[in-house]
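Below, each chain spelled out in residue letters.
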Amino acid sequence: IPNPKMSRSLERLIGIDREIRRGYYPSVEKLCELFEVKERTIYEDIRKLKENFGLTIEYDRFHEGYTLKDPSKTLPSFDLTEGEMAGLALSSNFLSEQASFLKADIDSGIDKVKNRVSESVEHSVREIDREIQYLPVPLPAVKRKIFTEIRKAIKNKKRLRLKYFAASKNITTERKVEPYRILQNQGMWYLLAYCTLRNDLRLFAIHRILEMTLLEAEPFEIKNDLDIESWLTKTFQIERKEKEWKVRIIFSREAAPYIIERDWKNGTKVTAHDDGKCTLLLTTLSLEEVKRWVMYYGSN
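Cut-offs used in this document
- Residues numbered from 1 in each chain as written.
- Predicted model: local features only at pLDDT ≥ 70, side-chain atom pairs only at ≥ 80, totals over all residues.
- Heavy atoms only, no water.
- Phe/Tyr/Trp six-rings, centres within 6.5 Å; stacked < 30°, edge-to-face > 60°.
- Helix = DSSP H or I, 4+ residues; strand = E, 2+ residues; numbered from the N terminus.
- Buried < 20%, exposed > 50% of the residue type's maximum accessible area, 1.4 Å probe, protein only.
- Expected span 1.5 Å × (residues − 1).
- Arc of directions from axis to C-beta.
- Pairing = 2+ DSSP bridges.
- Contact = heavy atoms within 4.5 Å.
- Axes fitted to C-alpha atoms, helices over the stretch in contact; angles between N-to-C directions.

**Student:** What is the right way to look at the packing of aromatic side chains in this model?
**Tutor:** Each pair of aromatic rings is reported with the distance of its centres and the angle of its planes. Evaluated as defined, the whole model comprises 12 aromatic pairs. Measuring from centroid to centroid gives 5.5 Å for Phe147 and Trp189, while their planes differ by 85 degrees, and the two rings are edge-to-face. Within this pair, whereas Phe147 is found in helix α7 (residues 144–156), its partner Trp189 is found in strand β5 (residues 188–195), the two being separated by 42 residues in sequence. Trp189 sits in the buried class, given a relative accessible area of 14%. Seen in terms of ring centroids, Phe236 and Trp293 are 5.4 Å apart; in terms of plane orientation they differ by 70 degrees. Their pairing is edge-to-face. Of this pair, Phe236 sits in the loop between α8 (228–233) and β8 (245–251) while Trp293 sits in helix α10 (residues 287–294), and the two are 57 residues apart along the sequence.

Below, the structure is given as structure tokens:
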């Protein structure tokens, strides 16, 4: 289990080292203001940097701040493999588009990694950014505050009061929910929650939550008769209605390669035929969702 205090202490040591290396002779007062800690904490951090890591930190009386006698001595860095760096860079770019409301957090995390890796690894990140580019698609905007509050409610098992716009009915309703999961499908973010109004599991598109209140005084326990994993695996993509449908779709020779190459989940099966066609067999709880998807292939 990560130790938050240890994490903050390490982050502060790295930050103090970075500030001194900039050559601006930061004082204890300046470092206290920057890292929001007391003087004794800064003095202890500087002692650790000198004794535990061998950094040659000295106080310059003329400039009234700290400097490095030997800048070649540095904090230990770590290197990542090319594959790890590619995964990190791609994940950062992908999430910055798919979860733009978290971009500031993503960029902050990447910057912290860059401060700990060697220059050659940081150079590799820049190379990967030039080699691989994510092409975005227009997505509804999600409010960072609402997303963060939902995560908090799920973690602490607290109810939420929602003011929600239902696009299918073009109406706005208010209801209390017990939040269970955040789901993502094709760039869209959803809240899976138990709706006390409908007495059942419901999906709420997070971008359609107009207002939300975290009900700190209303804790809940997940109901024993709810099989969330089973609920999720029975969907074709994300939607779920009351009735279960068995669907069989035949695709032409022109469309078949695009169907066969996919890695289908949840029991969906593809059968290739000698004439080049293929058949897709699936189970869905939303026939409308399948209709919208299959119309993409038009006459095929």
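**Student:** Would you explain helix α3 (residues 39–51) in this entry?
**Tutor:** Structural remark: α-helix, 3.6 residues per turn; residues separated by three or four positions point the same way. For α3, built from 13 residues, the straight-helix expectation of 18 Å at 1.5 Å per residue is met to within 8% by its first-to-last C-alpha distance of 18 Å. Buried residues of α3: Ile42, Asp45, Ile46 and Leu49, and no others. For α3, the angular spread of the buried residues around the axis is 100 degrees, confining them to a single face. For α3, exposure combined with an orientation more than 90 degrees from the buried face picks out Arg40 and Glu51.

**Student:** Quick question: what am I supposed to make of the pairing of β5 here?
**Tutor:** Consecutive side chains of a regular strand alternate in pointing toward one face of the sheet and then the other. Within β5, 7 of the 8 residues are buried, leaving the element largely enclosed by the surrounding structure. As paired strands, strand β4 (residues 171–185) and β5 are joined by 8 bridges and run antiparallel to one another. The partner of Gln184 across the bridge, within β5, is Trp189. Both β5 and strand β6 (residues 200–205) contribute to a ladder of 6 bridges, which runs antiparallel. From the neighbouring strand, Leu192 faces β6, where its bridge partner is Leu203.

**Student:** Would you mind going over unusual backbone geometry with me for this structure?
**Tutor:** Excluding glycine, residues mostly have negative phi values, and the peptide bonds linking residues are mostly trans. In the Ramachandran plot, Glu36 falls in the positive-phi region, its phi being about 55 degrees despite a non-glycine side chain. Here Glu36 shows up in the loop between α2 (28–35) and α3. Glu36 sits in the exposed class, given a relative accessible area of 73%. In this structure, Lys157 is a non-glycine residue whose phi angle is positive, near 55 degrees. Here Lys157 lies in the loop between α7 and β3 (158–166).

**Student:** So what exactly am I meant to see when it comes to the side chain of Asp17 here?
**Tutor:** Secondary-structure assignment places Asp17 in helix α1 (residues 4–21). By relative accessible area, which is 10% here, Asp17 ends up buried. Apart from the residues lying within four places of it in its own chain, the contact partners of Asp17 are Leu49, Leu55 and Leu75.

**Student:** Sorry, what's going on with the sheet that holds β6 here?
**Tutor:** The pairing of strands in a sheet happens through backbone hydrogen bonds and is either parallel or antiparallel. Spatially, β6-β5-β4-β3-β7 is the arrangement adopted by the 5 strands of the open sheet, whose pairing is antiparallel. Two strands lie at the open edges of the sheet, namely β6 and β7 (209–219), each paired on one side alone. Between one strand axis and the next, the sheet turns through 45 degrees on average, direction left out of account. Here β3 runs beside β7; their pairing, made up of 7 bridges, is antiparallel. When the sheet's bridge partners are listed, Leu160 is paired in β7 with Leu214. Of the strands in this sheet, β3, β4, β5 and β7 are in contact with α7, which crosses β7 at around 25 degrees.

Note that all results are geometric; they support no functional claim without further evidence.
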